[in-house]
Structures are given as structure tokens and as C-alpha cells.
Amino acid sequence: MNGFSPKLTRRHFGAILAGGAFTLAAPAVLRADTGPRLVVIGGGFGGASAARFARINYPDVNVTLIEPYDHFVTCPYGNLILGGKRELPQITHSYDGLRARGVNVVQNWAKDIDPVAKQVTLADDTQIAYDKLIVSPGIALRWDAIEGYDEAAAEIFPHAWMGGDGSQITTLRRQLEALPEGGVVGLATPPNPFRCPPGPYERISMIAHHLKHHNPTAKILAFDAKDGFSKHGLFQDGWAELYGDMIEWIPASQDGTIVEVDPQEKVFISEFGERHKVDVGNVIPPQYAAAIARDTGLTNDGGWVPVDPLTFAAETAPDIHVIGDANIGSPMPKSGYVANSTAKQAVASAIADLRGESPPADPVYFNTCYSHVGEDYGISVAAIFRVNEEDGIFETPDSGGVSPRGPLSELAHNRRREAEYADAWYDSITKDMFS
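Quantities reported herein were computed from a predicted structural model and do not represent experimental measurements.

Engineer: Please give an account of the layout of surface pockets that cites residues and values.
Structural biologist: Here the second largest pocket defines a volume of roughly 470 Å³. In terms of lining residues, the second largest pocket is bounded by 27 residues, among which Pro197, Pro331, Met332, Pro333 and Lys334 are the most central. For the lining of the second largest pocket, the secondary structure elements donating two or more residues are β23 (327-328), α9 (336-354), β24 (365-374) and β25 (377-388). For the lining of the second largest pocket, the element with the most residues is β25, which contributes four residues. Of the residues belonging to the lining of the second largest pocket, the class tally is 16 nonpolar, eight polar and three charged.

This is how it looks when you write it as C-alpha cells:
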């Protein structure tokens, strides 16, 4: 989600091929003294994992990580801040561990990629040369997708869907704490595809957890641009058991698609023109790949990057490997675990290509998405993915599944253990990224 410039003029890849669109007057060029040069854009779940994996497994490779923020605030576990179960420092991670391993961490925005000259241009016009480039820029929000919702509106109706400096999630938390007694919280959830499919529903759960203890007469209106979602039945079971009728989920077929907002009047307007007054609004708009992927011409018309399912090389630029939320990796979800898992295959494939070798065959990609529904109440979905020539990426049959359904009286131990597993997963994956 980081390492890219959010505001750039779109340029098609063909224009880059046609002739030196990135020529600058005497720019500084950073080059490694010896060994292959692997540059990584974006220090999130994909990029940090790639940089660490490369340093550990390929000590002869010079690894540079370009990331504008000096710390990384994870979107996973951000929802727990809303539920009062975490504080911002607990989901904020330093890049010092990567520096200690020998990664050259460059704190700057990457604003341009020249796939012909194999150079990344930074916001200060410094150029960094590469032999292979890993791009893990995350998502951008489609500000034009919901009428009235732009960056200014996000200060009133926060999206809290990109870590950044953590200000969006803390703003939403403060708004919940100031909610009038019996007030209404409105959430607008986007159509597929989007980052972290179970995320909005864990968010609903954690907001309800907070309200149950601090404002039990409040109401949550959860508007959805879909008629179903990840772990649908499990979430709704938990909502009924823990929160009674506090949560009203409104699917697309029941006019749940929000097409316009009025932040000043604090109104959500649905597809059929219904106006819903809210006291606190959380708008998660539709998404696409971050600007640098789009401006380099890596994306398709839908705004996501088609990649080779074996190597994650971009279809339009074989020396650029795109990982994480920005690529098209379906049926794999856009999740932190998938970004971490596929980062390693992308790095191994990139280095193999530099050495004139074939990429690692028969890769296995993992995903587990844990969600907190309430106190000592966790649920999960898990799957294993493989690759073949006929299907590309496919889910291995009988490789995973979801948590069992049933009354809490029978499954309390299971729900408690899954919450513990979720915490252990978070600790483990962030160590695998940053230590």
C-alpha cells in the first residue's frame, strides 16, 4: 500500500517504449557496486516480505526497498483499534530489522518507472537502477466512484482502509467514542474485488463490540454493494449471538449500494434514492491498483495488473514482478497472507531469471484470513493454491475451508482458540516481514 506516488499523470507503457519520456537533467543515479540489483517498491505485506526473503536467501543480491513512510501501519488488526482491543503502536512496525539485515531502505516516494532503462525515479528525481523490480504498491481508492466522496469527504467519513500514518483509523475511533447515545453508524462496503474481503465485516463486528460496552442503544447500518461476502454465515451467526439486533446488514438486492454521500449533512444516498441519516460514517469505496502501476501501463482496463501466475511478472514488463493487492491473482483473495506467500515465489523467480534458470516449479501459495467477531470470538477461512498450465492459479481441492458453524454454547472453545490463533498469526507474519 506504500512506496508509490498517489497523484501522477497516467502514461501508457507503449509511450515509454516509444521514446525517453523520463529524461531528466543530470539526475542522481543510485547503483549497487556489485551483484544483481533487486529493487522493491512498497514496504507492506508483499514488499517487506520480498526484501527480507531476498536478503536471507540471496546474500549476493543487492536489495533496495523504496518506502515513503518511516514505519508501517498494518491494515490487518486496524479494526481491533475500533473495538478497543489494540492501540496504534501495537500495529505499527519499524524497518530497522530490514536495515539490520542489509536492506537499503530508501524513505521516499517512487513516482516513475522506466521499464526500458530499468530505473525507478523518486519524488526528488533521484533514479535507482535495477536488474529486477518487485512492485508491491497496494491499492488506490476510486475517488470518483461514489458521488460526493473525495479526499476532503474522507476527513468526515473516513475510509480507514489504507494504513499510511494511521490517522484515518484513529479518526474513526474518535468519532465512535463521540457517538451520541443511541446514534447511528453507517458503513458503505464496495463491490468485488477489493482489499481484504472479510475486512469490512470484521470492522462491523469490532464497532459493535465497542458500542455494546459503551453505547448499547446505538445502531449499525451496514450497506453492501454485494449480496454475499466472505464468511457470511459465520459473521451473521456471531452478530446475532453477541449483538442482537444492533447490526442491520443491507445487501445490494435490498438497496444496499450507496452511490452518493453528503458528508456535511451526514447522509448516505442509496442506488434507489433513499437518504439515510448517520451520525458516524465509514465509506470504503471501490478500489484499483495504486497509481504507479496504472501510470506505468501495467494494469488492464479494470485497473489491476495481469501477471504470470508462476512468476508474477507483469504481462507488459517481464522484468517487473507485481505482488500483493495490485495484481490479478484470483481465485486468491487480496490478503496480507497471500502477499507474503507470493512475494517469495516472485523473488525466487526474478533471481532465477537473472541467473538464466527456470523459476521454481509447482509453487504453493497459502492464505488464511482470521477475523475477530467479539471478545474471545474468532473465525477463519483458509485455502491452499497451486498453479498449472491449464488453469493458472487454482484452489487445491479440500485444502482448507471455514470455521464450523453452530451455537456459541457448543463452540465457545473453538471460537476462543481461533481468536488466539489470529493473534499468533499476526505476530508471526509481522516478524516474517520486519525482523
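Engineer: Outline the pairing of β25, supporting the account with residue identities and numerical values.
Structural biologist: Every regular strand shows the same layout, with side chains that alternate between the two sheet faces. In this structure, β24 lies alongside β25, joined through nine bridges in antiparallel fashion. Looking across to β25, one finds that Cys369 is bridged to Val381. From the end of β24 to the start of β25, which pair antiparallel, there are two residues, and Asp376 there has a positive phi angle of about 55 degrees. Note that β25 and strand β27 (residues 401-402) share two bridges and pair antiparallel. Each bridged residue has a counterpart across the sheet, and for Ala382 the counterpart in β27 is Gly401. In this antiparallel pair of consecutive strands, β25 and strand β26 (residues 392-395), the connection spans three residues.

Engineer: Please give an account of the pattern of salt bridges that cites residues and values.
Structural biologist: If you walk through the whole model with that rule in mind, you get 18 salt bridges. Between Arg173 and Glu177 there is a salt bridge, and its shortest N-O distance comes to 3.1 Å. On the criterion of helical spacing, the pair formed by Arg173 and Glu177 is a turn pair, its members being four residues apart in helix α5 (residues 167-177). Its relative accessible area of 18% is what places Arg173 among the buried residues. Taking the relative accessible area as the measure of exposure, Glu177 reaches 48% and is therefore partly exposed. The shortest N-O distance in the salt bridge between Arg386 and Asp362 comes to 2.8 Å. With a gap of 24 residues between them, Arg386 in strand β25 and Asp362 in the loop between α9 and β24 connect regions that are remote in the sequence. Of the residues examined, Arg386 reaches a relative accessible area of 27% and is grouped as partly exposed. Sharing partners across several salt bridges, the network here consists of Lys118, Lys132, Asp319 and Asp353.

Engineer: Could you give an account of the pairing of β26, naming the residues involved and the relevant values?
Structural biologist: For β25 and β26, the ladder comprises four bridges, and the chain directions are antiparallel. The residue bridging Arg386 from the neighbouring strand is Phe394, located in β26.

Engineer: A description of unusual backbone geometry should follow, citing residues and the corresponding values.
Structural biologist: With an omega of -5 degrees, the peptide bond between Asn192 and Pro193 qualifies as cis. Within the fold, Pro193 resides in the loop between β12 (184-189) and α6 (199-214). Following Ser330, the chain continues into Pro331 via a peptide bond in cis, with omega recorded as 15 degrees. The phi torsion at Cys196 lies on the positive side, around 55 degrees, for a residue other than glycine. Structurally, the position occupied by Cys196 is in the loop between β12 and α6. With relative accessibility at 26%, the residue Cys196 sits in the partly exposed group. Located in the positive-phi region is Asp362, a residue other than glycine, with phi close to 50 degrees.

Criteria and thresholds
Residues numbered from 1 in each chain as written. Predicted model: local features only at pLDDT ≥ 70, side-chain atom pairs only at ≥ 80, totals over all residues. Heavy atoms only, no water. 1 Å grid on protein atoms, 1.4 Å probe; cavity = no way out; pocket = protein on both sides within 12 Å on 5 of 7 lines; lining within 4 Å. Points joined across faces, edges and corners; volume = space filled by probe spheres on them. Helix = DSSP H or I, 4+ residues; strand = E, 2+ residues; numbered from the N terminus. Nonpolar A, V, L, I, M, F, W, Y, C, P; charged D, E, K, R; others polar. Pairing = 2+ DSSP bridges. Salt bridge = Lys/Arg side-chain N within 4 Å of Asp/Glu carboxyl O. Buried < 20%, exposed > 50% of the residue type's maximum accessible area, 1.4 Å probe, protein only.

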